[in-house]
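Here is how the chains run, residue by residue.
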There are 2 protein chains.
Amino acid sequence: HIDNTIPLESRQIWKKFSLGEFGDKQEFQQEFVRHVETSLARSLYNCDDLAAYQAASQAVRDRLVVAWNRTQQKHTLTDTKRVYYLSLEFLMGRALDNAMLNTRTKQYAREGVKDFGFRLEDLIEQEPDAALGNGGLGRLAACFVDSLASENYPGWGYGLRYEYGIFKQKIIDGYQVEQPDYWLTYGSSWEIPRNEISVDIMFYGYVRHYTDDEGVHRRCWEGGDVVRAVASDFPVPGYGTANVNNLRLWSSKPAQEFDFAKFNAGDYINSVSEQQRAETISAVLYPNDNFDSGKELRLKQQYLWVAASLNDIVRRFKKSKRPWREFPEQIAIQLNDTHPTLAIVELQRIFVDLEQLPWKEAWDLVVETFGYTNHTVLPEALEKWPVPMLENLLPRHLEIIYDINLYFLQEVEAKFPNDRELLSRVSIIEESQPQQARMAYLAIIGSHKVNGVAELHSDLIKKTIFKDFVAVYGGDKFINVTNGITPRRWLHQANPELSDLIASKIGSGFVKDLSELRHLEKFADDEDFQRQWMLVKHKRKEKLAALVKSQSGVVLNPDHLFDIQVKRIHEYKRQQLNILGVIHRYVELKQMSPEERRKMTPRVSLFGGKSAPGYYMAKTIIKLINDVGKVVNNDPDMFDSLKVVFVEDYNVSKAEIIIPASDISEHISTAGTEASGTSNMKFVLNGGLIIGTVDGANVEITREIGEDNIYLFGHLADEVEDIRHKHKYGGVQVGKKLQQVFDFIQSGALGDPEIYTSLLHSIKYGGDYYLVSDDFDAYLEAQHTINHDFKDTKEWARKSIVSVSRMGFFSSDRAIRDYAEGIWNVEPSPVEE
Amino acid sequence: HIDNTIPLESRQIWKKFSLGEFGDKQEFQQEFVRHVETSLARSLYNCDDLAAYQAASQAVRDRLVVAWNRTQQKHTLTDTKRVYYLSLEFLMGRALDNAMLNTRTKQYAREGVKDFGFRLEDLIEQEPDAALGNGGLGRLAACFVDSLASENYPGWGYGLRYEYGIFKQKIIDGYQVEQPDYWLTYGSSWEIPRNEISVDIMFYGYVRHYTDDEGVHRRCWEGGDVVRAVASDFPVPGYGTANVNNLRLWSSKPAQEFDFAKFNAGDYINSVSEQQRAETISAVLYPNDNFDSGKELRLKQQYLWVAASLNDIVRRFKKSKRPWREFPEQIAIQLNDTHPTLAIVELQRIFVDLEQLPWKEAWDLVVETFGYTNHTVLPEALEKWPVPMLENLLPRHLEIIYDINLYFLQEVEAKFPNDRELLSRVSIIEESQPQQARMAYLAIIGSHKVNGVAELHSDLIKKTIFKDFVAVYGGDKFINVTNGITPRRWLHQANPELSDLIASKIGSGFVKDLSELRHLEKFADDEDFQRQWMLVKHKRKEKLAALVKSQSGVVLNPDHLFDIQVKRIHEYKRQQLNILGVIHRYVELKQMSPEERRKMTPRVSLFGGKSAPGYYMAKTIIKLINDVGKVVNNDPDMFDSLKVVFVEDYNVSKAEIIIPASDISEHISTAGTEASGTSNMKFVLNGGLIIGTVDGANVEITREIGEDNIYLFGHLADEVEDIRHKHKYGGVQVGKKLQQVFDFIQSGALGDPEIYTSLLHSIKYGGDYYLVSDDFDAYLEAQHTINHDFKDTKEWARKSIVSVSRMGFFSSDRAIRDYAEGIWNVEPSPVEE
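Cut-offs applied
Residues numbered from 1 in each chain as written. Chains lettered and ligands numbered in written order. Predicted model: local features only at pLDDT ≥ 70, side-chain atom pairs only at ≥ 80, totals over all residues. Heavy atoms only, no water. Helix = DSSP H or I, 4+ residues; strand = E, 2+ residues; numbered from the N terminus. Rg over C-alpha atoms; globule rule 2.2 N^0.38 Å. Buried < 20%, exposed > 50% of the residue type's maximum accessible area, 1.4 Å probe, protein only. Contact = heavy atoms within 4.5 Å. Areas by Shrake-Rupley, 256 points an atom, 1.4 Å probe, with all protein chains shown as cover. Salt bridge = Lys/Arg side-chain N within 4 Å of Asp/Glu carboxyl O. Least-squares fit on C-alpha atoms with pLDDT ≥ 70 in both. Axes fitted to C-alpha atoms, helices over the stretch in contact; angles between N-to-C directions. Parallel < 35°, antiparallel > 145°, perpendicular 65-115°, else oblique. Left-handed = near helix turned anticlockwise from the far one by under 90°. Nonpolar A, V, L, I, M, F, W, Y, C, P; charged D, E, K, R; others polar. Buried area = accessible area lost by both parts, 1.4 Å probe. Phe/Tyr/Trp six-rings, centres within 6.5 Å; stacked < 30°, edge-to-face > 60°. Pairing = 2+ DSSP bridges.

Student: Looking at this structure, I do not really get the overall build of chain A. What am I missing?
Tutor: Counting its secondary structure elements, chain A contains 33 helices and 24 strands. Taking 2.2 N^0.38 as the reference for a compact globule, 833 residues should give roughly 28 Å; the C-alpha atoms of chain A span a radius of gyration of 28 Å, in line with that estimate. Judged by the C-alpha coordinates and their principal axes, chain A covers about 95 × 80 × 60 Å. The buried share of chain A, taken over its 833 residues, is 65%. Pairs at least 24 apart in sequence give 76% of the contacts found in chain A among residues at least 6 apart. Split by element, the accessible area of chain A, about 30,000 Å² in all, is 49% carbon and sulfur.

Student: Where do I start with the pattern of salt bridges in this structure?
Tutor: When charged atoms on two side chains of opposite charge get close, those side chains can pair. In total, this model carries 114 salt bridges over all chains according to the counting rule given. For the salt bridge of Arg219 of chain B with Glu399 of chain B, the shortest nitrogen-to-oxygen distance reads 2.8 Å. Taken together, the residues Arg219 of chain B in strand β9 (residues 217–222) and Glu399 of chain B in helix α14 (residues 395–415) connect sequence positions 180 residues apart. A relative accessible area of 26% places Arg219 of chain B in the partly exposed class. Here Glu346 of chain B ties to Arg349 of chain B by a salt bridge, and the two come within 3.2 Å at their closest N and O atoms. Within this pair, Glu346 of chain B and its partner Arg349 of chain B are both found in helix α11 (residues 342–354), separated by 3 residues, close to a single helical turn. The exposure classification of Glu346 of chain B matches that of Arg349 of chain B, with both residues buried. Within this structure, Arg42 and Asp48 of chain A together with Arg194, Glu196, Asp233, Arg248, Asp312, Arg315 and Arg316 of chain B form a network of salt bridges that share partners.

Student: Would you mind showing me how to read the relation of the copies chain B and chain A here?
Tutor: Each of the two copies of the chain can be brought onto the other by a rotation about an axis and a shift along it. Least-squares fitting of chain B to chain A yields an RMSD of 0.1 Å, with the transformation described by 0.1 Å of translation along the axis and a rotation of 180°. These values place the two chain copies in the arrangement generated by a two-fold rotation axis. Rotation axis and chain B: the residue whose C-alpha lies nearest the axis is Arg277 of chain B, separated from it by 4.1 Å. Both copies share a contact surface, since 100% of the interface residues of chain B are interface residues in chain A too.

Student: What is the right way to look at the packing of helix α29 (residues 736–746) of chain A against helix α30 (residues 757–764) of chain A in this model?
Tutor: Each pair of packed helices gets described by two things: the angle between the helix axes and the distance between those axes. Residues and elements named next belong to chain A. Interaxial distance between α29 and α30 falls to 11 Å at its minimum, and their mutual angle equals 155°. Regarding the angle of α29 to α30, the classification is roughly antiparallel. The chirality of how α29 crosses α30 is left-handed. Here Leu738, Gln739, Phe742, Ile745 and Gln746 of α29 lie close against α30, whose contacting residues are Leu760, Ile763 and Lys764. Taken together, the residues of the contact of α29 with α30 break down into 5 nonpolar, 2 polar and 1 charged.

Student: What exactly am I supposed to notice about the interface of chain B and chain A here?
Tutor: A common measure of how large an interface is: the accessible area buried when the components associate. In this complex, chain B contributes 66 residues to the contact, which on the side of chain A involves 66 residues. Buried area between chain B and chain A, summed over both chains or domains, comes out near 5,600 Å², and the portion from carbon and sulfur atoms is 57%. Interface area lost by chain B to chain A is led by Tyr268, Ile269 and Gln276 of chain B, which between them contribute 11%. The interface formed by chain B and chain A holds 6 salt bridges in total.

Student: Would you mind showing me how to read the packing of aromatic side chains here?
Tutor: Describing an aromatic ring pair means giving the distance of the ring centres and the angle of the ring planes. All names here are of chain A. According to the stated counting rule, one finds 65 aromatic pairs over all chains in the structure shown. On the basis of an interplanar angle of 65° and a centroid distance of 5.0 Å, the ring pair of Phe317 and Phe327 is categorised as edge-to-face. Of the two residues, Phe317 sits in helix α9 (residues 296–319) while Phe327 sits in helix α10 (residues 327–330), which places them 10 residues apart along the sequence. Of the residues examined, Phe317 reaches a relative accessible area of 4% and is grouped as buried. For Phe327, a relative accessible area of 0% translates into the label buried. An aromatic cluster is built from Trp68, Tyr84, Trp156, Tyr158 and Trp250, whose rings are joined through pairwise contacts.

Student: Can you walk me through the environment of Trp824 of chain A in this structure?
Tutor: Residues and elements named next belong to chain A. Checked against the element boundaries, Trp824 lands in helix α33 (residues 812–824). Judged by its relative accessible area of 1%, Trp824 is buried. The residues contacting Trp824, other than those within four sequence positions of it, are Lys81, Val83, Tyr85, Leu148, Ala332, Gln334, Ile816 and Tyr819.

Student: What's the story with the sheet that holds strand β21 (residues 642–647) of chain B in this structure? I'm lost.
Tutor: Backbone-to-backbone hydrogen bonds join strands into a sheet, with any given pair of strands oriented parallel or antiparallel. Residue and element names in this part refer to chain B. Read from one edge to the other, the open sheet built from 6 strands follows the order β21-β20-β19-β22-β23-β24, with strand pairing classed as parallel. What marks the edges here is a single partner per strand, and that holds for β21 and β24 (711–712). Summarising the sheet, strand β19 (residues 561–566) and strand β22 (residues 664–667) pair through 2 bridges and their orientation is parallel. Among the inter-strand pairings, Ile564 is bridged to a residue of β22, identified as Ser665. Against the sheet, helix α24 (residues 616–633) engages β20 (603–608) and β21, with an angle of about 140° to β21.

Student: Quick question: what am I supposed to make of the pairing of strand β8 (residues 206–211) of chain A here?
Tutor: The side chains of a regular strand alternate between both faces of the sheet. Residue and element names in this part refer to chain A. With 6 bridges connecting them, β8 and strand β9 (residues 217–222) associate as antiparallel partners. Bridge pairing links Thr211 to His217 in β9. The turn linking β8 back onto β9 is made up of 5 residues, and Gly215 within it adopts a positive phi angle of 80°.

Student: Can you help me understand the environment of Gly696 of chain B in this one?
Tutor: Residues and elements named next belong to chain B. By the element assignment, Gly696 lies in the loop between β23 (689–692) and α27 (698–705). Overall, Gly696 belongs to the buried group, its relative accessible area being 0%. Distance from Gly696 to Ile172, taken between C-alpha atoms, is 33 Å for residues 524 residues apart in sequence. Apart from residues lying up to four places away in sequence, Gly696 is in contact with Ala454, Leu456, Glu674, Ala675 and Ser676.

Structure (structure tokens):
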């Protein structure tokens, strides 16, 4: 009988919780059963792990939603200043574990589901990642909304609800193949659909000029196609607070307003289908990191998102009945990169065209409202939009951009008379064919503060890409806010073993106030603690080894040095430097006798990351890594010496397994190219040491943890320009060791060498833009030191503990407080529990 | 303070029901508050009517879902025979009121929401119609699933979850304009998303031939595009039973399986968008009634739907581990019209290609499983698919159709040797250019029973379109099941005033067993009861008048005779006969003195219905009706004599207001063209008398209620062919009265007469296919009698009461029992409360 398949005890508890028989049951179980039976329309008899995950999530979510409501009501009642964080990407990962930890209900849930025969960890694994981002930029936004909530700031995120997040990466025959990530296959338990909150968004159309009743000449944008943006809310719980903030993501839907003219006889079905294609606007996340493809659909995404968000923000402000001049006292909007720059134009349009404020008054409010975060120094990654495309899609916005530009250039002219070169350099409109609108310039002009994301980076942008603007505005407009990471997800959740060990010494306050980690330093020399410390690391390496085995069949030895580089695949991040180094090591090891090899530090080189689908060179690097792995892992000589693994489909959930398992991680971008990096922070916080260039946040990590605890190498940022110049006019000198590696590849030992020709040529004959040849020997040298140091386990453990104890600065809570004080001028507003 | 905007009492109750403070509260209120606060993430402070509707629905829905689960579990455990009703349309209308009435919780909900300041009727009005059907066929399916549940049959409906139901009709300048009906704007509270239940559906591809291990030659369909069908369930509660059945609707979604080849560099976004277009397959209901447009998208809809449904059905059967020969003992599948005919081919394909049963064995099971309901005698409405389209989209299915046809024709040849004419006539493949597959023939050949939907119709199809098949199979294969309507929605819910009045005399058993109405007849002469009866009618006419006033501004007098024709606009339904008659009356009235006019029965002519978007003639009829209304309603002479109203966007919800308000309704199709009609039943059940032709179910209504209680007129079905012949070869004789009407129209009195030229010419010079000229005088005569009879209120009331008392036969419960006994061989299987 079917009853017999379920343990009696489960059945008894279940029966007690079935609807219609309420009693004094454990609340989680009661809610769990309720959701299984009603929300999921299932029963004990067909409740699988997926359904159990969904029911558990909805039980937890219900609590969040109630707190969410209380938080929003409080903020409405106290009419406090709010921060809006506009980011085209929010790489949130999974929500259940995080929500349980932040609301401190995990133990309850664990015991609750256990009675029904479930392991909580299995349920957590059912959740698909909300992978609505490419990499660092999107994950930063996710850390920031966590910290905004945890630090009790009234702060919302605004983004797009892509139906397809970053593609799933399959490795087929060593190549990356992209597969769409339809993450909503089973719906999202964390989504609150807000179908009643919608904004009609216009595209195309024309600008009508008219004179209003008071004789003022006005403009009005009209006659375009209308698409509806509909809101979905994702509650963002703070840690150790009743505060639950909001992440509002917009979807495009067909508008109700309809072009009747299209409805000719018989054309009905086509007209509806065409209408329905409105939904494709928000369907897909563009899978490019640090790169802009200039596609109209992308521009539509950006405008739909900022227009809907601003409409929402302005509507909320208007409910307060305050005068417009108080707008920046009530509202701060942060632009995460240039993607939302149109918000500046849209707000000016709302003020001038719709609310009929005078231009100057409106513009001052706009500038006071916005802050802009720059994320790159790579000139090629600065977003530009063709003027003809803007003119067609957003005719009124282009006019406003022209006016903003005109007034700005007049200011510049007044300050630096007759410097036409300067005017041409700082103009928003680039005089190319076709003309391009430089969005970063617009963002600078329309914001009261511009920040870089690490000290080096903030310095560099003032000296390079934004130099002219420093001259115009002075240096104070340009500040630094070093990135941070949330210690909740990246230590407490990802590495409970380490979190518990730390808490056993210094209490758990560090989860909320990461600077408390400093108290750990006094245990750095404690040998017993060192042993426990390394035991945790070993456990986590075992866990990663299990993942790798299940995915690729490759068996890793957790005693070996785990050297990890996981991040987007990009030439500037220099995975090619890493894999060429691995090949060098392989060649070296092959030349040794077995005895010699046994003396060498055995290593695992682990890679992970996605390449933009159209980025040929990055895809070649992936192919090379996999081909090296195939040869090395099947070479019996290497069995106890070297393994090379590429982890397929790197994402947040995998990061949570990979990061705690590193001995060494690589952050080896060409100096001056990586704005900050945040995975470097995550690795060190989890007790891994790092090998890196003097770039991005590596600089501040070094300053905090001490240069003895980090393996730096390579040329410095201020040398790069000269070296590139030398490469260009004097050719590239490929050193002996690198040439050996090239020779090995070209011998065909890894497969058809033709496959890698363009990669090798870009170094040897293509000017080696990323300085692989220049840094190769230093890189090997640093690795050599690491091999040596790793053998001294105690000293290694000491470095690791000391490093962790000095990482307090890199909490995103600190970063958010920096923003709040330096840019937003906003106060915490905690909700009483 | 914001608290002051809400009454203290509401706040107190609300607070008591807030989560975290459970106590011994009234259950509905508790559930209501819970859903507002969690499912909707709102609070008392922003709970509007829409949110309150949603919360109330979800509270009621939760109960349905639990009962749904219990019902399905019981059917699984008892492994009883199930019926599957395949219908491309389910015109369900609104669900909340129906669900509350069927579960008898309405009073509870009414009082529950009242304490929070809501009127339950206002909440009910918030629900958008689930208008997933064109007209009678879809509404029949909706009545049938209600009766299946109420009669405790294990019966599911299978259909498509269109995102756009039948278009919303706007009347602009007298013309119909179609607007898409995006009924899911606010989601559906009644939907249980079953994202985990999905079936991959293939299109295109090719047929591979191979020989299996046992040397048998086999075929396999492969290599096509894959789209995923995902299930949504809508619980269908029975009345006065714990039985809750299921309506499963499929949506098309992108399949996970992906054509990697399409992922060239840079093509990612386009590939995903293309993939996403899979969703358009199920997006739109085709807005054609009795008409097939032969569009590939429509064929895709049909195949996706039947393939997903059969996969679901077969999967469920296989879980029982029974041998295949028991398939028809466990499963009955009813085909509602020819739209699901591919199910026959698909099941044969599953049996032969996938389960590898021998052809003959498989085919016997198929035939024994299916029943086919025919809905039309109009030859032009019989569905055909071009063979080249089938060959391209469903190559294997076309092969199977060829084989089915071959074996069938061999049978025919054996029975009627050498009758090549016969073979050609009954062949599934019509030898036209291009060849066409005749789906009705396939449905007959693949089913064990074929039924018409009213006695006259069932007779007619045996004599006309299916005559040859009667010769081949004998008459027993062809049976009649007269349509019915559910007394729950069409009396108890739509007309609670009348339902209560009836119950006051005979108890409320008639809601479950409509034949109990017979006990009402003894009160037919009771003058007091007659008065009460007419008072209810008057109230309902007031309600309709209020709707008309709010929509069009036209003021109706409830004392006037309300003459109503609401149904799809189609020449065969002859709204043109009605409106031409109205014009005749107008011309007549205009010629009278005010005194003479005052003696005439004052009338309201009310029309409603949609035309297929591409059906020019039907749209002209709508325009004519509206133009007549414009003239008549603005003519002061007519103020107390005549009003003409076209109710915009006729749908189920409006039908619930319109039908109880009729004195007379019109069912005046050309004899032999309307298969049954069911609105005739609804009108009579609500105490309206009818004017009608001897067509469809009018015949049986007459038999049941007596010919004194119905106003029949016009030529009979068996005369129609001769008359058409006469028209064709002898011309059409337009009588004097009709010619006067034509003259009036052509005088320009209604506006530019050019607009109506084609309509008038189709009668006068186009052969008058629908016999308007032949029936016009008889129609006027019948109306004349009605005008006379209406003045005798007592006699009118008596006729009305007698008619209602004799309507028991027309319950869809009876129809479903007929199907169960005559076709499905299935027993009720009630669930204990």
